[in-house]
Amino acid sequence: QIGRRAVRESPERVEPHYWYANALGRLSEIHSTPTYLDHMVEMGTKALEIDASYDFGGPHRFLGLIYLETENQPVYAVGSFDEALEHLERACEIAPDYPPNHLAFARALIEDDRYKEAHERLIKVLELPAPAGEEVDRAEWIAAAKRLLQEIAG
């Protein structure tokens, strides 16, 4: 309700669209359902149109991950694998010092059997510092990057 209200009251701002889309994503994870998928894509796309650079390329990262995670789901795929790659690469271009962009792009590169490029992205995740205020999250990024590095090494 808060997200809908924020979008209604400030339709020209990126924040309500972006965070509403993210909140719907969390609801989808909690309920293990694609019910909100179309609305997530709609809000993510609107955020992208307003400000693609918001939250370190967040709208590109958000849409890229949705497309990546649904592309093999025949009932509710909302985008293509190529679109996922494009969005995730664009997020890295917009915010090259933001580790989650490289982590997300590496996941897509692994799906595409581009292990050398994925390895390079994962090393960046390990080397880049966390932005101010995200130091706690960095431990999760590092752990995920290490898991993926082991996966592609094996």
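Anything mentioned here points back to the structure above.
Since the structure is predicted, the reported quantities are computational estimates derived from the model, not experimental observations. (Residues numbered from 1 in each chain as written. Predicted model: local features only at pLDDT ≥ 70, side-chain atom pairs only at ≥ 80, totals over all residues. Heavy atoms only, no water.)

A. How the structure looks around the nonpolar core. If you look at the biggest cluster of nonpolar residues, it comprises 39 residues, and the most contacted ones within it are Phe 62, Ile 66, Leu 103 and Leu 122. Among the elements that take part in this core, helix H6 (residues 99-111) stands out by supplying 7 residues, more than any other. If sequence neighbours within four positions are ignored, Leu 122 has contacts with Leu 103, Ala 106, Ile 110, Ala 145, Leu 148, Leu 149 and Ile 152. (Core = buried A, V, L, I, M, F, W, Y, C linked by side-chain atoms within 4.5 Å. Buried < 20%, exposed > 50% of the residue type's maximum accessible area, 1.4 Å probe, protein only. Helix = DSSP H or I, 4+ residues; strand = E, 2+ residues; numbered from the N terminus. Contact = heavy atoms within 4.5 Å.)

B. Representation of the packing of aromatic side chains. Per the stated rule, a full pass over the model turns up 5 aromatic pairs. The interplanar angle of 80 degrees and the centroid separation of 6.4 Å between the aromatic rings of Trp 19 and Tyr 54 together place this pair among those described as edge-to-face. Placement of the pair is Trp 19 in helix H2 (residues 14-31) and Tyr 54 in helix H4 (residues 54-70), with a sequence separation of 35 residues. When its relative accessible area of 43% is taken as the criterion, Trp 19 is described as partly exposed. Ring plane angle 5 degrees and centroid distance 4.2 Å describe the contact between Phe 56 and Tyr 98, whose orientation is recorded as stacked. Note that Phe 56 is positioned in helix H4 and Tyr 98 in the loop between helix H5 (81-94) and H6, a separation of 42 residues in sequence. (Phe/Tyr/Trp six-rings, centres within 6.5 Å; stacked < 30°, edge-to-face > 60°.)

C. Spotlight on H5. Over its 14 residues, H5 runs 20 Å from end to end, which matches the ideal 20 Å to within 8%, given 1.5 Å per residue. Within the sequence span of H5, burial applies to Phe 81, Ala 84, Leu 85, His 87, Leu 88, Ala 91 and Cys 92. Contact partners of the buried residues in H5: helix H3 (37-50), H4, H6 and helix H7 (115-127). (Expected span 1.5 Å × (residues − 1).)

D. Local environment of the packing of H3 against H4. In the contact formed by H3 and H4, the axes pass within 8 Å of each other and the chain directions differ by 150 degrees. Accordingly, the angle class assigned to the pair H3 and H4 is roughly antiparallel. Pair H3 / H4 crosses with left-handed handedness. Across from Leu 37, Met 40, Val 41, Gly 44, Thr 45, Ala 47 and Leu 48 in H3, the residues of H4 making contact are Pro 59, His 60, Phe 62, Leu 63, Ile 66, Tyr 67 and Thr 70. (Axes fitted to C-alpha atoms, helices over the stretch in contact; angles between N-to-C directions. Parallel < 35°, antiparallel > 145°, perpendicular 65-115°, else oblique. Left-handed = near helix turned anticlockwise from the far one by under 90°.)

E. Structural view of the packing of H6 against helix H8 (residues 135-153). Two elements in contact, H6 and H8, have axes separated by 11 Å at closest approach and are oriented at 25 degrees. As judged from the angle between their axes, H6 and H8 are roughly parallel. For the crossing formed where H6 meets H8, the hand is left-handed. Residue-level inspection shows Pro 99, Pro 100, Leu 103, Arg 107 and Ile 110 of H6 in contact with H8, the latter providing Trp 141, Ala 144, Ala 145, Leu 148, Glu 151 and Ile 152. Residues that form the contact of H6 with H8 fall into these classes: 9 nonpolar, no polar and 2 charged. (Nonpolar A, V, L, I, M, F, W, Y, C, P; charged D, E, K, R; others polar.)

F. Main features of the layout of surface pockets. Taken as a whole, the largest pocket encloses approximately 880 Å³ of empty space. Lining the largest pocket are 27 residues, with Arg 26, Glu 29, Phe 62, Leu 65 and Glu 69 sitting closest to its centre. Put simply, the parts of the chain that give the lining of the largest pocket at least two residues each are H2, H3, H4 and H6. Along the lines of polarity and charge, the residues of the lining of the largest pocket split into 14 nonpolar, 7 polar and 6 charged. (1 Å grid on protein atoms, 1.4 Å probe; cavity = no way out; pocket = protein on both sides within 12 Å on 5 of 7 lines; lining within 4 Å. Points joined across faces, edges and corners; volume = space filled by probe spheres on them.)

G. Geometry of the pattern of salt bridges. Per the stated rule, a full pass over the model turns up 8 salt bridges. Residue Arg 90 pairs with Glu 93 through a salt bridge whose shortest N-O separation is 3.2 Å. Of this pair, Arg 90 and Glu 93 both sit in helix H5, 3 residues apart, which is roughly one turn of the helix. Relative accessible area serves as the criterion here: at 48%, Glu 93 is assigned to the partly exposed category. The shortest N-O distance in the salt bridge between Lys 116 and Glu 120 comes to 3.7 Å. In this pair, Lys 116 and Glu 120 both sit in helix H7, 4 residues apart, roughly one turn of the helix. The class of Glu 120 is partly exposed, set by a relative accessible area of 43%. If you follow the salt bridges from partner to partner, you end up with Asp 112, Arg 114 and Glu 117 in one network. (Salt bridge = Lys/Arg side-chain N within 4 Å of Asp/Glu carboxyl O.)

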